[in-house]
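Listed below are the residues making up each chain.
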Amino acid sequence: MQWIVYLSNSLSSTYRLWFYPPDLGMKQHTPAMQAALQQKIEAVWDRLETHLSAHGPYLLGSQFSGADLLLTMLMRWSRNMPHPVTEWPHLKKLADLIRARASWKTLVEIEQLGEW
């Protein structure tokens, strides 16, 4: 539960600002605003990378959980960002583990998503 709350409050809320500049009262981000948001998002990736390197491969260690699915969705959203999450090795490993699961493959098919 702690990871879900953390991801919701640290990453989901910042992504909202990244993808919807009107929420900040602007049509488009200024370079400074975009850089600040990018830094905040990447700080979360850094924290998660540190955690996974010590306790992974999943957020709960060897146990797969719903928090990993939430994290994978959020990681996928980074695919077109200046530094996609796959640049962090332990986060990439987690993404690869999730993407190899039959349930992920089914989700991609049902939602007609590009693979990543």
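Attention in this report is confined to the structure presented alongside it.

The rules behind each value
- Residues numbered from 1 in each chain as written.
- Predicted model: local features only at pLDDT ≥ 70, side-chain atom pairs only at ≥ 80, totals over all residues.
- Heavy atoms only, no water.
- Helix = DSSP H or I, 4+ residues; strand = E, 2+ residues; numbered from the N terminus.
- Rg over C-alpha atoms; globule rule 2.2 N^0.38 Å.
- Buried < 20%, exposed > 50% of the residue type's maximum accessible area, 1.4 Å probe, protein only.
- Contact = heavy atoms within 4.5 Å.
- Areas by Shrake-Rupley, 256 points an atom, 1.4 Å probe, with all protein chains shown as cover.
- Lys, Arg positive; Asp, Glu negative; His and termini not counted.
- Charge placed at Lys NZ, Arg CZ, Asp CG, Glu CD.
- Axes fitted to C-alpha atoms, helices over the stretch in contact; angles between N-to-C directions.
- Parallel < 35°, antiparallel > 145°, perpendicular 65-115°, else oblique.
- Phe/Tyr/Trp six-rings, centres within 6.5 Å; stacked < 30°, edge-to-face > 60°.
- Expected span 1.5 Å × (residues − 1).
- Salt bridge = Lys/Arg side-chain N within 4 Å of Asp/Glu carboxyl O.
- Polar contact = N/O pair within 3.5 Å; in protein donor to acceptor, adjacent residues only side chain to side chain.

**Quick word on the overall build of the chain**
1) Next: Along its length, the chain carries 5 helices and 0 strands.
2) Next: Each helix (α) and strand (β) of the chain, taken in turn from the N terminus, gives the series α-α-α-α-α.
3) Next: Relative to the 2.2 N^0.38 estimate, which gives 13 Å for 116 residues, the radius of gyration of the chain is 15 Å and therefore close to what a compact globule would have.
4) Next: Taken along its principal axes, the extent of the C-alpha atoms in the chain is 40 × 35 × 25 Å.
5) Next: The burial tally for the chain puts 38% of its 116 residues in the buried class.
6) Next: Across the chain, contacts joining residues at least 24 apart in sequence account for 63% of those joining residues at least 6 apart.
7) Next: Total accessible area on the chain stands at roughly 6,900 Å², and carbon and sulfur atoms take up 56% of it.
8) Next: With 11 positive and 10 negative side-chain charges, the chain shows a spacing of 2 Å between the two charge centroids.

**Re the packing of helix 3 (residues 66–76) against helix 4 (residues 89–99)**
Geometry of a packed helix pair, given as the angle between the helix axes and the separation of the axes.
1) Next: The geometry of helix 3 relative to helix 4 is characterised by a closest axis approach of 10 Å and an angle of 110 degrees between their N-to-C directions. With respect to each other, helix 3 and helix 4 are oriented roughly perpendicular. Mapping the contact onto sequence places Asp 68, Leu 69, Leu 71, Thr 72 and Met 75 in helix 3 and Leu 91, Leu 94, Ala 95 and Ile 98 in helix 4.

**Some details on the packing of aromatic side chains**
Where two aromatic rings form a pair, the distance of their centres and the angle of their planes describe that pair.
1) Next: This model, assessed by the stated rule, comprises 6 aromatic pairs.
2) Next: Between the aromatic rings of Tyr 15 and Trp 77, the centroid separation amounts to 5.4 Å while the plane-to-plane angle is 75 degrees, which identifies the pairing as edge-to-face. Within this pair, whereas Tyr 15 is found in helix 1 (residues 2–19), its partner Trp 77 is found in the loop between helix 3 and helix 4, the two being separated by 62 residues in sequence.
3) Next: What makes Tyr 15 buried here is its relative accessible area of 0%.
4) Next: Residue classification places Trp 77 among the partly exposed residues on the basis of a relative accessible area of 35%.

**Points about helix 2 (residues 31–55)**
1) Next: With 25 residues, helix 2 ought to run about 36 Å at 1.5 Å a step, and its terminal C-alpha atoms sit 36 Å apart, in line with that.
2) Next: At its buried positions, helix 2 is contacted by helix 1, helix 3 and helix 4.

**What about the side chain of Glu 49?**
1) Next: Mapped onto the secondary structure, Glu 49 falls in helix 2.
2) Next: Despite being buried, Glu 49 has no salt bridge partner; Lys 93 is the closest side chain of opposite charge, sitting 10 Å away.
3) Next: A polar contact is formed between the side chain of Glu 49 and the side chain of His 90, at a distance of 2.7 Å.
4) Next: Excluding residues within four positions of it along the chain, Glu 49 makes contact with Trp 88, Pro 89, His 90 and Leu 91.

**Some points on the pattern of salt bridges**
1) Next: Using the criterion set out here, one finds 3 salt bridges in the structure.
2) Next: The residue Asp 23 makes a salt bridge to Arg 16 at a minimum N-O spacing of 2.6 Å.
3) Next: A relative accessible area of 41% means that Asp 23 is categorised as partly exposed.
4) Next: A salt bridge links Lys 92 to Asp 96; the shortest N-O distance between them is 2.8 Å. You can see Lys 92 and its partner Asp 96 sitting in helix 4, 4 residues apart, about one turn around the helix.

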